[in-house]
Amino acid sequence: MKNILVLLIVLAQTTLAFAQPPAETSTVYFTRASALGALINFTYFDGEEAIGKFNGLGYFVYECEPGKHLFWARSENKSFVEAELQAGGTYLIDVVPKMGGLKASVRLIPVDVSDYKMKKIQKLVTKQEARIFSEEELAEIQTDMAEVIARGMENYEKMQEKGKDVKQLSPEMTISEDDLVFVKKSKK
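Computed from a predicted structure; not experimentally measured.

Trainee: Whenever I open this one, the overall build of the chain confuses me. Can you help?
Mentor: Looking only at helices and strands, one finds four helices and nine strands in the chain. Looking at the chain as a whole, 45% of its 188 residues qualify as buried. The long-range fraction of contacts in the chain, counting pairs at least 24 apart against all pairs at least 6 apart in sequence, stands at 71%. In the structure as shown, the chain presents an accessible area of about 10800 Å², 53% of it carried by carbon and sulfur atoms.

Below you can see the structure in the form of structure tokens.
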């Protein structure tokens, strides 16, 4: 009985955390479930628009128009994901810190839940609230990162010219509320 009560509490919390997008928008979770490089801020963009910045473990939920997007993050390096989002769809991009030369570098991974280890992400989303950025915070990031954004877009264009592969987040890679629920397996 106690296990059922705990499960119901976890499901209720996760239901509140899982953002069901309005049918005319798309939702993207950006999760950073690894503590590597925890002191290093990663800055996140949708094309030329700043959408967030934080360090350490955490996640944020980004609502946007369906269609094509270029998501990217910046640290010592830049990591890009081309996305095609469907209206009403919810998606997941895992933010993976890696050891860099001077500080942690970043790698964005579009998640296909059918073949991705979800345990750390599920624990993160179950235990923490999503980070929320005010319009003022985003405007400040946008202003502070103006040169970074210009260089990032140039970097992306050069990658395109050289025919380098960019990770893809396709319309069918949607996630459900259940995909983000962590359920502790009971010992028998």
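Trainee: Mind showing me how you'd approach the pairing of strand β1 (residues 26-32) here?
Mentor: A regular strand carries its side chains on alternate faces of the sheet. Where burial is concerned, most of β1 is hidden: seven out of the seven residues are buried. Burial along β1 is two-sided: S26, V28, F30 and R32 and T27, Y29 and T31, pointing in opposite directions, are all buried. In this structure, β1 lies alongside strand β4 (residues 58-64), joined through seven bridges in antiparallel fashion. Its bridge partner lying in β4, Y29 is registered against V61. Pairing analysis gives five bridges linking β1 to strand β7 (residues 90-98), with the strands arranged parallel.

Trainee: Can you walk me through the packing of aromatic side chains in this structure?
Mentor: Pairs of aromatic rings are described using the distance from one ring centre to the other and the angle between the two planes. Scanning the model with the defined rule gives twelve aromatic pairs in all. Both rings, one in F30 and one in Y44, keep their centres 5.8 Å apart while their planes meet at 55 degrees; by these two values the pair is tilted. Of this pair, F30 sits in strand β1 while Y44 sits in strand β2 (residues 42-46), placing them 14 residues apart in sequence. The buried category is assigned to Y44, whose relative accessible area is 0%. Between F30 and F60, the aromatic rings sit 4.8 Å apart at their centres with planes inclined by 5 degrees, giving stacked as the arrangement. Residue F30 is found in strand β1, and its partner F60 is found in strand β4; the two are separated by 30 residues along the sequence.

Trainee: Before we go on, may I ask you to explain the side chain of Q122 in this structure?
Mentor: Note that Q122 resides in helix α2 (residues 119-127). Of note is the side chain of Q122, whose polar atom sits 3.4 Å from the backbone oxygen of V181. For Q122, the residues in contact, after removing those within four places along its chain, are D178, D179, L180, V181 and F182.

Trainee: Before we go on, may I ask you to explain the pairing of strand β8 (residues 105-110) in this structure?
Mentor: A large share of β8 lies buried, amounting to five of its six residues. Two elements, β7 and β8, share six bridges in a ladder whose sense is antiparallel. Across the sheet, D94 pairs through a bridge with I109, a residue of β8. With antiparallel pairing between neighbouring strands as the criterion, β7 and β8 make up a hairpin whose turn holds six residues.

Trainee: Help me understand the pattern of salt bridges, please; the structure alone is not making it clear to me.
Mentor: Oppositely charged side chains can pair when the atoms bearing their charge come close. Within the structure shown, the criterion is met by one salt bridge. Close ionic contact of R151 with E147 constitutes a salt bridge, the shortest N to O distance being 3.9 Å. A residue pair is termed a helical-turn pair when its members lie 3 or 4 positions apart in one helix, as R151 and E147 do in helix α4 (residues 146-161) at four residues.

Trainee: Would you explain the sheet that holds strand β9 (residues 167-169) in this entry?
Mentor: Strand pairs in the sheet, formed through backbone hydrogen bonds, run parallel or antiparallel to each other. With mixed pairing, the five strands of this open sheet are ordered in space as β3-β2-β5-β6-β9. Bordering the open sheet on either side are β3 (49-54) and β9, each of which pairs with just one other strand. Neighbouring strand axes in the sheet, compared pairwise and without regard to direction, differ in orientation by 25 degrees on average.

The rules behind each value
- Residues numbered from 1 in each chain as written.
- Predicted model: local features only at pLDDT ≥ 70, side-chain atom pairs only at ≥ 80, totals over all residues.
- Heavy atoms only, no water.
- Helix = DSSP H or I, 4+ residues; strand = E, 2+ residues; numbered from the N terminus.
- Buried < 20%, exposed > 50% of the residue type's maximum accessible area, 1.4 Å probe, protein only.
- Contact = heavy atoms within 4.5 Å.
- Areas by Shrake-Rupley, 256 points an atom, 1.4 Å probe, with all protein chains shown as cover.
- Pairing = 2+ DSSP bridges.
- Phe/Tyr/Trp six-rings, centres within 6.5 Å; stacked < 30°, edge-to-face > 60°.
- Polar contact = N/O pair within 3.5 Å; in protein donor to acceptor, adjacent residues only side chain to side chain.
- Salt bridge = Lys/Arg side-chain N within 4 Å of Asp/Glu carboxyl O.
- Axes fitted to C-alpha atoms, helices over the stretch in contact; angles between N-to-C directions.

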